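# Chain and residue survey
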Number of protein chains: 2
Amino acid sequence: MAGGVSRRRMLAVGGAGVAGAVAAGAAGVWAHDLIAETPHAADAGGAVPFLGEHQAGITTPAQDRLHFVAFDVITDNRAELVDLLREWTRAAARMTAGRDAGPVGAVAGPAEAPPDDTGEALGLPPSGLTLTVGFGPTLFHDPSGRDRFGIADRRPPALADLPHFLGDALDATISGGDLCVQACAHDPQVAVHAIRNLARIGFGVVSVRWSQLGFGRTSSTSRQQATPRNLFGFKDGTANLKAEDSSLLRQHLWVQPGDGPEWMTGGSYLVTRKIRMTIETWDRTSLAEQEEVVGRIKATGAPLGGRGEFDRLDLTATGAAGQPVIPRDSHVRLAHPDTNDGARLLRRGYNFVDGSDGLGRLGAGLFFMAYQRDPRRQFVPIQTRLARHDAMNEYLRHVGSGLFACPPGVRADDDYWGRALFGR
Amino acid sequence: MAGGVSRRRMLAVGGAGVAGAVAAGAAGVWAHDLIAETPHAADAGGAVPFLGEHQAGITTPAQDRLHFVAFDVITDNRAELVDLLREWTRAAARMTAGRDAGPVGAVAGPAEAPPDDTGEALGLPPSGLTLTVGFGPTLFHDPSGRDRFGIADRRPPALADLPHFLGDALDATISGGDLCVQACAHDPQVAVHAIRNLARIGFGVVSVRWSQLGFGRTSSTSRQQATPRNLFGFKDGTANLKAEDSSLLRQHLWVQPGDGPEWMTGGSYLVTRKIRMTIETWDRTSLAEQEEVVGRIKATGAPLGGRGEFDRLDLTATGAAGQPVIPRDSHVRLAHPDTNDGARLLRRGYNFVDGSDGLGRLGAGLFFMAYQRDPRRQFVPIQTRLARHDAMNEYLRHVGSGLFACPPGVRADDDYWGRALFGR
């Protein structure tokens, strides 16, 4: 049926297919053909199912490219916001299936009207696109404490503003946001196309507060993936929570019944940190010092004192002079669950390079993203410890920060991003 | 032999392989095993040959990702600059072959020394990496007119400063540069790794003036490639010069004997323009108006009045009311060789998104790059006409500009980037 044609076929079939797609869209059956067999996984060109108990893009094996955007809501009209969330949901379902953002598409429909897709992804496959939405603290209370949308009483206690961490050098213009959307795909043009079309659809209701492109995912989120390297040249994410760890995911990732307001059950909290790396200083540091700072062997990713990447850290081992083999101020020790009362994160960060820093150096670093069940018991205590003691801080500067409540997945045709939050 | 091992194999063979590689590097035979059979072409993972009559990265089928950097030279010592160009050439030859930037590599050598590669590309294939160098006008005369490096008399007349074009809104901090390096690859991590290691090697001699990441090449440079779409959603580069057009390349791309100073023979001039697109305005323009502005059909890329993408433009055709079918102020008409005394360019641009523009919109656009035999007869007259008349100007703003003389290729072991310029 016409509702199932891809961007590629849409072009080939031309006008007739378009008319059919419009009819299917108007009938409101947009979600029916978007449910695939496999849960949230795709090859390089394939589609990741949009519907599900949880949002895709969290435990989905991390795609290679990121476009992340934070929006400010510029209306105080609740109905406008809810209408936008509905429209975004339909567009997200279409785009993740490799289709145009709207039923008319990029190149058909009346010539006197703007197209309902911008066209730069025409002919490109779905590319594993996932779109993941989140709600920031300021959606519940604006900076003056006002309840703009009548949802202040539904703000989860776990969505508590992050504290100031030692050394934070945050720039407000690349921090915060009322809403966020994370687009991940194997093709940056597909990720950019998706965010750009959501911004287009949101014209007059939201404006772009900040956005971030990333590449070379720094953390694998599945045991099917090799561990990639960050811009320090080290494997990153060896001990990350993985999609296959079902019971750990319940314990550390997904909000459980009774954790807080019911609308977040099955969701997860996202913390983003834009972390500038002073790679020029790092690059003049000896290999031995780099390995002491990280606590791992650069070549293999093995913990100091170990032999293989996935060897368990021996935090008690000591060297000839009685010093710990894994230094007290090493990153891997301080971030390890054993040092943090068992707290773990599902990290999903990306490398970035944003031109130059104006001081003759590349503006490079890590766009850190971590999903978790409760930041108050996970990111906050871990980062408090790292900010105080981590030897790596000499080479890092946290310049942006975000916190978002990512609701559970969209489960059916009449569902939309945030229905449980707004739908009463 | 050890000199031929890839990054991947280097890791596997460990210490013994490293020692062999060091020996091979010290013997000065670095280039021998870098010459492959095929001229400047590679599959997604393969290596593009570094040595050749022309530099790779110009007619090489455009890779999907870009990291472009412009450097300022911060020394006045000619010998230091020449030494750097020699060292860069060796590192470029290694990295384009998928090897570490230096013979010791990222994870071996003495623990008390910084590694001579930063490591984030360990385990990644060559990914079609090309590195292309260029010399800016300010390398020949600094802004005060001083001949810093004794090469002022070798400045090619074709490397004349670009004029101010109508509507230019150039930001000096993302314009110009004494040197540039264009890194193109199928993997952004590989392109970023290459530029980052060149910057590392250049510490104390050069500093990063500006850098730009790009994706989704906007112009195909080979008939093997489908025409990609720019962020206006249109196919871009249909009528571009292609690698297969040998006689056109001699006429329009490569500097010929007698064109100017002999050291540039076989080279080409690069013009870069960072062009912000006001995509939000464009997205609210009707399909018909978009097609009139561009002069092509959005779906197929065919010229207005034509049927297929590669149909010849009929600039004389008129409609029922006598108006030109391809409007007088359309981009395709104004940029067409027939409107420009036959002048043509080899375009090699990339899309970019740099966060937000601070006004609630994505900071998106086109990083335009065009290679040519003489900008005075190609880019300058074409852009003068476009700046005055192009209907597309309503949606564009030129914010950065660069001009570089890209010398011919490195041809042998003792050759290096710019030897013909400096080696007397």
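Since the model is a prediction, treat every value here as computed from it, not as a measurement.

What counts, and where the lines are drawn
Residues numbered from 1 in each chain as written. Chains lettered and ligands numbered in written order. Predicted model: local features only at pLDDT ≥ 70, side-chain atom pairs only at ≥ 80, totals over all residues. Heavy atoms only, no water. Helix = DSSP H or I, 4+ residues; strand = E, 2+ residues; numbered from the N terminus. Buried < 20%, exposed > 50% of the residue type's maximum accessible area, 1.4 Å probe, protein only. Contact = heavy atoms within 4.5 Å. Areas by Shrake-Rupley, 256 points an atom, 1.4 Å probe, with all protein chains shown as cover. UniProt positions renumbered as here; feature names shortened; annotations may be inferred. Pairing = 2+ DSSP bridges. Least-squares fit on C-alpha atoms with pLDDT ≥ 70 in both. Arc of directions from axis to C-beta. Domains from an automatic or database assignment. Buried area = accessible area lost by both parts, 1.4 Å probe. Salt bridge = Lys/Arg side-chain N within 4 Å of Asp/Glu carboxyl O. Axes fitted to C-alpha atoms, helices over the stretch in contact; angles between N-to-C directions. Parallel < 35°, antiparallel > 145°, perpendicular 65-115°, else oblique. Left-handed = near helix turned anticlockwise from the far one by under 90°. Phe/Tyr/Trp six-rings, centres within 6.5 Å; stacked < 30°, edge-to-face > 60°. Polar contact = N/O pair within 3.5 Å; in protein donor to acceptor, adjacent residues only side chain to side chain. Nonpolar A, V, L, I, M, F, W, Y, C, P; charged D, E, K, R; others polar. Patch = residues over 30% accessible without salt bridge, like charges linked within 9 Å, V, L, I, M, F, W, Y side chains within 5 Å. Lys, Arg positive; Asp, Glu negative; His and termini not counted. Charge placed at Lys NZ, Arg CZ, Asp CG, Glu CD.

## Remarks on the overall build of chain A
- When you go through chain A residue by residue, the secondary structure sums to 11 helices and nine strands.
- Every one of the 424 residues in chain A was classed for burial, and the buried ones make up 61%.
- Contacts in chain A between residues at least 24 apart in sequence constitute 75% of all its contacts with a sequence separation of at least 6.
- Total accessible area on chain A is roughly 15,300 Å²; 53% of this is exposed by carbon and sulfur atoms.

## Quick notes on the UniProt feature "domain: Dyp-type peroxidase N-terminal" (unreviewed entry) in chain A
- Per the UniProt record, "domain: Dyp-type peroxidase N-terminal" (unreviewed entry) is found at residues 55-215 of chain A.
- Taken end to end, residues 55-215 of chain A is 23% helix and 20% strand, and its first and last C-alpha atoms sit 21 Å apart.

## Some words on the pairing of strand β3 (residues 179-185) of chain A
Residue and element names in this part refer to chain A.
- The element β3 is extensively covered by neighbouring structure, given that seven of its seven residues are classed as buried.
- Of the two faces of β3, both are covered, the one formed by L179, V181, A183 and A185 as well as the one formed by C180, Q182 and C184.
- Both strand β1 (residues 65-73) and β3 contribute to a ladder of seven bridges, which runs antiparallel. Directly across from F71, in β3, lies its bridge partner L179.
- Of the strand pairs in this sheet, strand β2 (residues 130-135) and β3 are connected by six bridges, and their pairing is antiparallel.

## A look at the relation of the copies chain A and chain B
- When chain A is brought onto chain B, the operation consists of a screw motion whose angular component is 180° and whose axial shift is 0.0 Å, with 0.0 Å RMSD remaining. Both copies are brought into coincidence by an operation consistent with a two-fold rotation axis. Distance from the rotation axis, computed per C-alpha, reaches its smallest value in chain A at D354(A): 3.5 Å.
- Both copies contact each other with a shared surface, as 100% of the interface residues of chain A are interface residues in chain B too.

## Points about helix α8 (residues 287-294) of chain B
Residue and element names in this part refer to chain B.
- Every buried residue belonging to α8 is among L287, Q290, E291, V293 and V294, and all of these are buried. Here the buried residues of α8 occupy an arc of 160° about the axis, which is enough to place them on one side.
- Of the residues one or two after α8, G295 is the one with positive phi, at around 90°.

## Remarks on the domain arrangement of chain A
All names here are of chain A.
- Looking at chain A, the domain boundaries give domain 1 (15-136 + 176-217) and domain 2 (224-408).
- Computed over C-alpha atoms only, the centres of domain 1 and domain 2 are separated by 29 Å.
- Tallying the contact residues gives 33 residues for domain 1 and 33 residues for domain 2.
- Taken over both partners, the interface formed by domain 1 and domain 2 buries close to 2,600 Å², and the fraction arising from carbon and sulfur atoms is 61%.
- Broken down residue by residue, the surface that domain 1 buries against domain 2 is led by I58, Q212 and R217, which jointly contribute 26%.
- Joining domain 1 to domain 2, the criterion identifies zero salt bridges.
- Elements represented by at least two residues in the side of domain 1 that touches domain 2 include exactly β1, β2, β3 and β4 (206-215).
- Looking at the side of domain 1 that touches domain 2, the element that brings in the most residues is β4, giving five residues.

## Regarding the packing of helix α3 (residues 78-96) of chain A against helix α5 (residues 188-201) of chain A
Residues and elements named next belong to chain A.
- Across the interface, α3 lies against α5 with an axial gap of 10 Å and an inter-helix angle of 155°. Between α3 and α5, the crossing angle belongs to the class labelled roughly antiparallel. As for how α3 packs across α5, the hand of that crossing is right-handed. On α5, the residues that touch L84, E87, W88, A91 and M95 of α3 are H193, A194, N197, L198 and I201.

## A short note on the packing of aromatic side chains
- Counting across every chain of the model gives 30 aromatic pairs over all chains.
- Judged by centre distance (6.2 Å) and plane angle (55°), the ring pair of F135(A) and W263(A) falls under tilted. Taken together, the residues span a long stretch of sequence, with F135(A) in strand β2 and W263(A) in the loop between α6 (246-252) and β5 (268-277) at a distance of 128 residues.
- What makes F135(A) buried here is its relative accessible area of 0%.
- Given the relative accessible area of 5%, W263(A) is considered buried.
- Between F71(B) and W88(B), the ring centres sit 5.1 Å apart and the planes meet at 40°, which makes this aromatic pair tilted.

## Observations regarding the interface of chain A and chain B
- Taken together, the contacts link 56 residues of chain A with 56 residues of chain B.
- Buried area between chain A and chain B, both sides added, is near 4,200 Å², and the carbon and sulfur share of it is 63%.
- Across the chain A-chain B interface, the total number found is two salt bridges.
- R196(A) is the partner of D283(B) in a salt bridge, and the nearest nitrogen-oxygen pair spans 2.9 Å.
- Inspection of the region where chain A meets chain B yields 22 residue pairs in polar contact (both at pLDDT 80 or more).
- Residue assignment for the side of chain A that touches chain B shows that the elements contributing at least two residues are β1, α5, β4, α7 (279-282), α8 (287-294) and β7 (350-356) of chain A.
- Sorting elements by how many residues they give to the side of chain A that touches chain B places β4(A) first, with seven residues.
- Among the residues making up the side of chain A that touches chain B, the classes are represented as 26 nonpolar, 17 polar and 13 charged.

## Here's the deal with unusual backbone geometry
- Within the chain, D341(A) stands out as a residue other than glycine whose phi angle is a positive 50°.
- Along the polypeptide, D341(A) turns up in the loop between α9 (331-335) and β6 (346-347).

## Re a negative patch on the surface
- A surface patch of like charges, here negative, comprises E289(A), E292(A), D329(A) and E394(A).
- For E289(A), the position within the fold is in helix α8.

## Here's the deal with the pattern of salt bridges
All names here are of chain A.
- Under the counting rule described, the total for this entry stands at 38 salt bridges over all chains.
- One salt bridge connects E120 with R196, and the closest N-O pair in it is separated by 2.9 Å. Of this pair, E120 sits in the loop between α3 and β2 while R196 is found in helix α5, placing the two residues 76 residues apart along the sequence.
- For R196, a relative accessible area of 3% translates into the label buried.
- Its salt-bridge partner being D338, residue R312 comes within 3.3 Å of it at the nearest N-O pair. Taken as a pair, R312 in the loop between α8 and α9 and D338 in the loop between α9 and β6 lie far apart in primary sequence, 26 residues in all.
- Residues joined in a network through salt bridges with shared partners are D76, D142, R146, R148 and D178.

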